[in-house]
Amino acid sequence: MRILLVEDDAILGDGILAGLKLAEHAVDWVRDGEAARLALLDHPYEACVLDLGLPKRDGISVLKELRERGNRLPVLILTARDSSADKIAGLDAGADDYLTKPFDLAELLARLRALVRRAAGEARPTLEHGGVVLDPASRQVTFNGQAVALSAREYALLDDLLRHQNHIRTRAQLEESIYAWGEETGSNTVEVFVHHLRKKFGADFIRTVRGLGYQLGDVN
Ligand code: CA
């Protein structure tokens, strides 16, 4: 899934970016509050990791504006150590969770999974359809109980389709979900990955909705 990372500290940002990418997320990283505001206006993210102390516009202001627009995107804020005033202000401005620096990357990833799950109204930690089970914590995929190896993009595409089971996903939405800014998309790539997933999970696993996009099929 696509995540916006807002962090002006280069070393910390690099570390978080690497961790999120390892978890197969498409990540856009911006380093100031104004760039964050613009990115949030333009792109559909599944979650945002937001530092509070930022150049140009602080994180609280970015968050307040997002909520004033009615946007319910899950937001995890990063606060300085021992700053309970920051935590309170962030939560009151509409943050869903916070982490205090320095933090454990594994904890950040687990908290993001929980936020996204909660936002989707899901109780179960795994995503399932037609015998396919995806576990975001371990990034393991099984089909009828057997482990299946997927490339990073195949995994990202499957993750997106499973998270939006009741919706038709357009090719543009799927591309937004699996590629970050500046990543080479090539042509027909979504089609190619759909083809790969059908080979692994059966032709009916994903149905093509002519002229609209794709959706998981009616399989039992
Ligand atoms: Ca900062």
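What comes next is a walk through the structure. (Residues numbered from 1 in each chain as written. Predicted model: local features only at pLDDT ≥ 70, side-chain atom pairs only at ≥ 80, totals over all residues. Heavy atoms only, no water.)

## Quick look at the overall build of the protein
Then comes step 1: Along its length, the protein carries eight helices and eleven strands.
Then comes step 2: Expected size for 220 residues packed as a compact globule is a radius of gyration near 17 Å; at 18 Å, the protein falls within 12% of this value.
Then comes step 3: Over its C-alpha atoms, taken along the principal directions, the protein stretches across nearly 55 × 35 × 30 Å.
Then comes step 4: Evaluated residue by residue, the protein yields a buried proportion of 45% over its 220 residues.
Then comes step 5: When contacts within the protein are restricted to residue pairs at least 6 apart in sequence, those whose partners lie at least 24 apart make up 56%.
Then comes step 6: Put simply, the protein shows about 11000 Å² of open surface, and 48% of that area lies on carbon and sulfur atoms.
Then comes step 7: Considering the protein, the positive charge centre built from 28 side chains and the negative charge centre built from 34 side chains are found 3 Å apart. (Helix = DSSP H or I, 4+ residues; strand = E, 2+ residues; numbered from the N terminus. Rg over C-alpha atoms; globule rule 2.2 N^0.38 Å. Buried < 20%, exposed > 50% of the residue type's maximum accessible area, 1.4 Å probe, protein only. Contact = heavy atoms within 4.5 Å. Areas by Shrake-Rupley, 256 points an atom, 1.4 Å probe, with all protein chains shown as cover. Lys, Arg positive; Asp, Glu negative; His and termini not counted. Charge placed at Lys NZ, Arg CZ, Asp CG, Glu CD.)

## What to know about the side chain of arginine 2
Then comes step 1: Relative to the helices and strands, arginine 2 resides in strand β1 (residues 2-6).
Then comes step 2: Note on arginine 2: relative accessible area 3%, which makes it buried.
Then comes step 3: A distance of 3.4 Å separates a polar atom in the side chain of arginine 2 from the backbone oxygen of tyrosine 179.
Then comes step 4: With sequence-adjacent residues up to four places away left out, arginine 2 is seen in contact with Ala26, Asp28, His43, Pro44, Tyr45, Glu46, Ala47, Glu176, Ser177, Tyr179, Ala180 and Trp181. (Polar contact = N/O pair within 3.5 Å; in protein donor to acceptor, adjacent residues only side chain to side chain.)

## Some details on helix α5 (residues 105-119)
Then comes step 1: Over its 15 residues, α5 runs 21 Å from end to end, which matches the ideal 21 Å to within 8%, given 1.5 Å per residue.
Then comes step 2: Taken together, the buried positions of α5 are occupied by Leu108, Leu109, Leu112, Ala114, Leu115 and Val116.
Then comes step 3: In the core, the buried residues of α5 are packed alongside β1, α1 (10-22), β3 (47-51), β4 (75-79), β5 (97-100) and α6 (152-163).
Then comes step 4: One side-chain oxygen of the residue at the start of α5 lies 3.1 Å from the amide nitrogen of alanine 106, identifying that residue as aspartate 104. (Expected span 1.5 Å × (residues − 1).)

## Digging into the sheet that holds β4
Then comes step 1: One open sheet holds the five strands; their spatial order is β2-β1-β3-β4-β5, and the pairing between them is parallel. The sheet terminates laterally at β2 (26-30) and β5, the two strands that pair on one side only. Strand-to-strand twist across the sheet, computed as the mean angle between neighbouring axes with direction ignored, equals 20°.
Then comes step 2: Pairing between β1 and β3: four bridges, direction parallel. Bridge pairing links valine 6 to leucine 50 in β3.
Then comes step 3: α5 rests against β1, β3, β4 and β5 of the sheet, and its axis sits at about 175° to β5. (Pairing = 2+ DSSP bridges. Axes fitted to C-alpha atoms, helices over the stretch in contact; angles between N-to-C directions.)

## Points about the pattern of salt bridges
Then comes step 1: What the rule picks out here adds up to 18 salt bridges.
Then comes step 2: The residue arginine 57 makes a salt bridge to glutamate 34 at a minimum N-O spacing of 3.2 Å. Highlighted residues: arginine 57 in the loop between β3 and α3 (59-68) and glutamate 34 in helix α2 (residues 33-42), separated in sequence by 23 residues.
Then comes step 3: For arginine 57, a relative accessible area of 22% gives the class partly exposed.
Then comes step 4: Across the salt bridge formed by arginine 171 and glutamate 191, the nearest N and O atoms sit 3.1 Å from each other. Here the residue arginine 171 occupies a position in helix α7 (residues 171-178), and glutamate 191 occupies one in helix α8 (residues 189-201), the gap between them amounting to 20 residues.
Then comes step 5: Its relative accessible area of 36% is what places arginine 171 among the partly exposed residues.
Then comes step 6: Bridged by salt links that share partners, the residues Glu34, Arg37, Arg57 and Glu65 form one connected network. (Salt bridge = Lys/Arg side-chain N within 4 Å of Asp/Glu carboxyl O.)

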